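# Structure assessment
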Amino acid sequence: MEQIRSERDDQTERVRRRWDRMAAGYDRGAGLERRLLGDSRGLLCGLARGRTLEIAVGTGRNLDRYPDGVQVTGLDLSPGMLARAARAAAGAGRRVDLREGDARRLPFPDASFDSVVCTLALCEIPDQATAVDEMYRVLRPGGALLLLDHVEYARMPLRLFERRRAARRGRPPRRRPVEVAVERGFAVERHDRLVLGFFDRVVARRPA
Amino acid sequence: MTAKIDDWLLEILACPESKAPLRLDEEAGELVCDESGLAYPIRDGIPVLLVDEARRIG
């Protein structure tokens, strides 16, 4: 058990360092992303209400897209990303509480948020099911889960390689976020397939 | 370094290991979980709530 945990933690540390290195250049992809996904970020963030947790807040690209009155807490594994998110929050004139933490062990009590947002990040978390369980735990009953992610690994031909790739990395194979959400107890309200089905946008709710 | 954190923030912070509430040790600039015996640092004003980065106390 201890052995498994430390292997996982090495992996987490690698992910953390990688995103620290990528923090400076991350926003260069914004133009392309917008052409592919339109304002998917805005559409999802516009549904957030009350106390909102954004998991993998990154450089803070979503922070100016939340409605007024939403209190945002941003979590990320990478301090390099969080430093940028702090600047984005200041630029957007928003007070955002930033936390360095792991999506698989959220540093919040049960039922503490009205909405949880995670955009283009679930695919990077080494264990989707654990991460989604944690999202469920910190959402109040009736609270909204708002997800956007790319899912090429769940489609042919990459699906053929995902199992092997996951085994090599010592993690479970990735599945479509919508499937994981349903399996972990969420009620899906809306599911859109975007960009020829390579991206999923999901609005789900923790049952009241 | 003195850490400044609103009460509101502490209210929705929990230890990632025990999920118990955290208490601010202003002098040390750390967030302490008495249940798991871990003290989490605050770096550049951002609480670092990773078990691997925490200091084991007592």
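Everything here concerns the structure above.
Below is a short write-up of the structure. Only a predicted model underlies this, so the values are computations on that prediction, with no experimental measurement involved.

A tally of regular secondary structure across chain A gives 7 helices and 7 strands. Starting at the N terminus, the α and β elements of chain A follow one another as α-α-α-β-β-α-β-β-α-β-α-α-β-β. The C-alpha radius of gyration computed for chain A amounts to 16 Å, which stays within 12% of the reference 17 Å derived for 208 residues, consistent with globular compactness. C-alpha extents for chain A along the principal axes are approximately 45 × 40 × 35 Å. Within the span of chain A, comprising 208 residues, buried residues form 51% of the whole.

Moving on: the layout of surface pockets. All names here are of chain A. If you add up the space inside the second largest pocket, you get close to 270 Å³. In this structure, the second largest pocket is lined by 13 residues; those nearest its centre are Y26, G29, E33, R61 and L120. It is helix α2 (residues 30-37) that contributes the most residues to the lining of the second largest pocket, 4 residues altogether.

Let us now look at the pattern of salt bridges. Residue and element names in this part refer to chain A. As enumerated under the stated definition, the model contains 22 salt bridges over all chains in all. Taking the shortest distance from any N to any O, the salt bridge between R184 and D133 comes out at 2.8 Å. Taken together, the residues R184 in the loop between α7 (177-183) and β6 (187-194) and D133 in helix α5 (residues 128-138) connect sequence positions 51 residues apart. Look at R184 and you get partly exposed, because its relative accessible area is 28%. Of the residues examined, D133 reaches a relative accessible area of 31% and is grouped as partly exposed.

Our next topic: unusual backbone geometry. Residue and element names in this part refer to chain B. Positive phi, close to 65 degrees, is recorded for K19, a residue that is not glycine. With relative accessibility at 25%, the residue K19 sits in the partly exposed group. In this model, D44 sits at a positive phi of 50 degrees, which is unusual for a non-glycine residue. Tracing the sequence through the fold places D44 in the loop between β3 (38-43) and β4 (46-49).

Moving on, we come to the pairing of strand β3 (residues 96-101) of chain A. Within β3 of chain A, 6 of the 6 residues are buried, leaving the element largely enclosed by the surrounding structure. The alternating pattern of β3 of chain A places V96, L98 and E100 of chain A and D97, R99 and G101 of chain A on opposite faces, both of which are buried. Of the pairings in the sheet, the one linking strand β2 (residues 71-76) of chain A to β3 of chain A comprises 5 bridges and is parallel in character. Residue pairing across strands places L75 of chain A opposite R99 of chain A, the latter belonging to β3 of chain A. Remark: the β2 of chain A/helix α4 (residues 79-91) of chain A/β3 of chain A crossover connection has right-handed handedness. Relative to β4 of chain B, β3 of chain A runs parallel, the two being bridged by 2 bridges. By the bridge assignment, E100 of chain A is partnered in β4 of chain B with V48 of chain B.

Thresholds applied
- Residues numbered from 1 in each chain as written.
- Chains lettered and ligands numbered in written order.
- Predicted model: local features only at pLDDT ≥ 70, side-chain atom pairs only at ≥ 80, totals over all residues.
- Heavy atoms only, no water.
- Helix = DSSP H or I, 4+ residues; strand = E, 2+ residues; numbered from the N terminus.
- Rg over C-alpha atoms; globule rule 2.2 N^0.38 Å.
- Buried < 20%, exposed > 50% of the residue type's maximum accessible area, 1.4 Å probe, protein only.
- 1 Å grid on protein atoms, 1.4 Å probe; cavity = no way out; pocket = protein on both sides within 12 Å on 5 of 7 lines; lining within 4 Å.
- Points joined across faces, edges and corners; volume = space filled by probe spheres on them.
- Salt bridge = Lys/Arg side-chain N within 4 Å of Asp/Glu carboxyl O.
- Pairing = 2+ DSSP bridges.
- Right-handed = clockwise from strand over helix to strand, strands pointing away.

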